Amino acid sequence: SYAACMGGDRNFKFNEDESKTICSLLERFNGISVRDTTGLAILKNKFNISAVQVLDPTFLIDSYDSLLKDSSVDAKGSMFCFKFIINDDWVKVIKHMSKELTLNVRMDTCLIPIDGLPFKPICSVQDWLSLIKTSDFVFTDSFHGMVFCILFKKQFIVTPSYKGGEERYMDLALKLGLVDRVYTSPKEIINNTNRWKKKINYVDVYKRLEILRAESKDFLLKYLV
């Protein structure tokens, strides 16, 4: 099992029969790795299994250029907002960030029109990657949106899309020294503008990332070779 995810919530509840069935199935694996500390805790506390934590597999691909070449999207001079949860409070945040950063707003993946913001629903995977790659700043509540911001060395902030889902974002942020990029509420973002406007030091981030990549690849090689 590589980088399994259990949804970001430790409060899994199983009855006795379910727990026995799950445990018997887990014991059939030669090696189990999970994406975050939530998975580690569930396996240890619920099933007495010591798993290994590894990076999301998205991090193990050296280049996404083969996908990027199929897109003509150019979001230079823009803040790309890739957000699943949109309401009036988040619209205020988006407008605040756009003003503070003096950037236009791109919301090419948004499925509903929002007053005062451009509306262009649905884009391809290639265009989605290009929006992250070419934009000046990214605001997202997507874990993989956060991952690609790091891979493309973009300035960004992330906010979990639901209460209780913060741990997987914060877990990755702690490991890479990006804690000041994770926010849990509209108020927190607006009150900490000067903090998230600071440039990310990707030299330090990648020093940490390369160590984690090596450990993750070692796990794969151990069980696949």
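Shown above is the structure to which this text applies.
Anyway, here's the lowdown on the structure attached to this text. Everything numeric here is computed off the predicted structure, so don't read it as measured data. (Residues numbered from 1 in each chain as written. Predicted model: local features only at pLDDT ≥ 70, side-chain atom pairs only at ≥ 80, totals over all residues. Heavy atoms only, no water.)

1. Some remarks on the packing of helix α6 (residues 143-151) against helix α7 (residues 166-176)
Stated formally: The convention used is that axes are lines fitted to C-alpha atoms, helices contributing only their stretch in contact, and that angles between N-to-C directions extend from 0 to 180 degrees. Under the DSSP-based scheme used, a helix requires at least four consecutive residues in state H or I and a strand at least two consecutive residues in state E, with every element numbered from the N terminus. Angle categories: roughly parallel below 35 degrees, roughly antiparallel above 145, roughly perpendicular from 65 to 115, and oblique for all the rest. Helix crossings fall into two classes, left-handed where the near helix is turned counterclockwise from the far one by less than a right angle and right-handed where it is turned clockwise. A contact between two residues is defined here by any heavy atoms of the two lying within 4.5 Å. Classes in brief: Ala, Val, Leu, Ile, Met, Phe, Trp, Tyr, Cys and Pro nonpolar; Asp, Glu, Lys and Arg charged; the others, Gly included, polar.
The contact between α6 and α7 brings their axes to 10 Å, and the two run at 20 degrees. Taken as axis vectors, α6 and α7 run roughly parallel relative to one another. Along this stretch, α6 crosses α7, giving a crossing that reads as right-handed. Residues Phe143, Met146, Val147 and Ile150 of α6 form the contact with α7, whose own contacting residues are Arg168, Tyr169, Leu172, Ala173 and Leu176. When the residues that make up the contact of α6 with α7 are grouped by side-chain class, the tally is 8 nonpolar, no polar and 1 charged.

2. As for unusual backbone geometry
Let me state the cut-off plainly: Residue burial is assigned from relative accessible area. The probe radius is 1.4 Å, only protein chains are included, and a residue is buried under 20% of its type maximum, exposed over 50%, and partly exposed in between.
Of note, the phi angle at Asn48 is positive, near 55 degrees, even though the residue is not glycine. Among the secondary structure elements, Asn48 is positioned in the loop between α2 (37-47) and β2 (52-53). Phi at Thr102 takes a positive value of approximately 50 degrees, unusual for a residue other than glycine. Relative to the elements of secondary structure, Thr102 occurs in the loop between α4 (88-101) and β4 (104-106). Exposure remark for Thr102: the relative accessible area of 68% places this residue in the exposed category.

3. A look at the packing of aromatic side chains
Our working rule: A pair of aromatic rings is counted whenever rings of Phe, Tyr or Trp (Trp by its six-membered ring) have centres within 6.5 Å, and the orientation is called stacked for planes under 30 degrees apart, edge-to-face for over 60 and tilted otherwise.
This structure, assessed with the given rule, holds 12 aromatic pairs. Each ring, one from Phe82 and one from Phe84, has its centre 5.2 Å from the other, and the planes form 65 degrees; the classification is edge-to-face. With a relative accessible area of 13%, Phe82 lands in the buried category. Taking 5.8 Å as the distance between ring centres and 40 degrees as the angle between the ring planes, the aromatic pair formed by Phe148 and Phe152 counts as tilted. For the pair Phe148 and Phe152, a shared accessibility class is recorded, and that class is buried. Among the aromatic residues, those joined into a ring-pair cluster are Tyr64, Phe80, Phe82, Phe84, Trp128, Phe148 and Phe152.

4. Topic: the pairing of strand β3 (residues 78-82)
We apply this condition: For two strands to be treated as a pair, DSSP must find at least two bridges joining them. With the strands pointing away from the viewer, any crossover whose connection runs clockwise from the first strand over the helix to the second is right-handed.
Within β3, 5 of the 5 residues are buried, which leaves it mostly tucked inside the rest of the structure. In terms of strand pairing, β3 meets β4 through 3 bridges, oriented parallel. Looking at the pairing, Phe80 lines up with Arg106 of β4. Following the chain from β3 across α4 to the adjacent parallel β4, one finds a crossover that is right-handed. Bridge analysis of β3 against strand β5 (residues 137-140) gives 4 bridges, and the strand direction is parallel. In the sheet register, Phe80 faces β5, and the bridge partner there is Val138.

5. Some thoughts on a nonpolar patch on the surface
The following threshold applies: Residues enter patches when they are more than 30% accessible in relative terms and free of salt bridges; like-charged ones are connected within 9 Å and nonpolar ones (Val, Leu, Ile, Met, Phe, Trp, Tyr) within 5 Å. Here the accessible surface of atoms and residues is derived via Shrake-Rupley with a 1.4 Å probe, and residues count as covered only by protein chains that are part of the display. Every case where a carboxyl oxygen of Asp or Glu lies within 4 Å of a side-chain nitrogen of Lys or Arg is listed as a salt bridge.
A cluster of nonpolar residues, Leu221, Leu224 and Val225, forms a patch on the protein surface that exposes about 380 Å² of accessible area. With respect to the helices and strands, Leu224 occurs in helix α10 (residues 202-224). For Leu224, a relative accessible area of 67% gives the class exposed.

6. Comments concerning the packing of helix α5 (residues 125-134) against α6
The contact between α5 and α6 brings their axes to 9 Å, and the two run at 55 degrees. Here α6 runs oblique to α5, going by the angle between their axes. Here α5 runs over α6; the crossing is right-handed. Every residue of α6 that contacts α5 at Trp128, Leu129 and Ile132 is listed here: His144, Gly145, Phe148 and Cys149.

7. Some words on the side chain of Asp141
Worth spelling out the cut-off: A 3.5 Å cut-off defines polar contacts: any pair of N or O atoms within that distance qualifies, except that in protein one atom must be a possible hydrogen donor and the other a possible acceptor, and neighbouring residues in sequence count only when both atoms are side-chain atoms.
With respect to the helices and strands, the residue Asp141 is situated in the loop between β5 and α6. Given a relative accessible area of 0%, Asp141 falls into the buried group. Reaching out from Asp141, the side chain makes a polar contact with the backbone nitrogen of Ile85 at a distance of 3.1 Å. In this structure Asp141 touches Phe82, Lys83, Phe84, Ile85, Val158, Thr159, Pro160, Ser161 and Tyr169, once residues within four positions along its chain are discounted.

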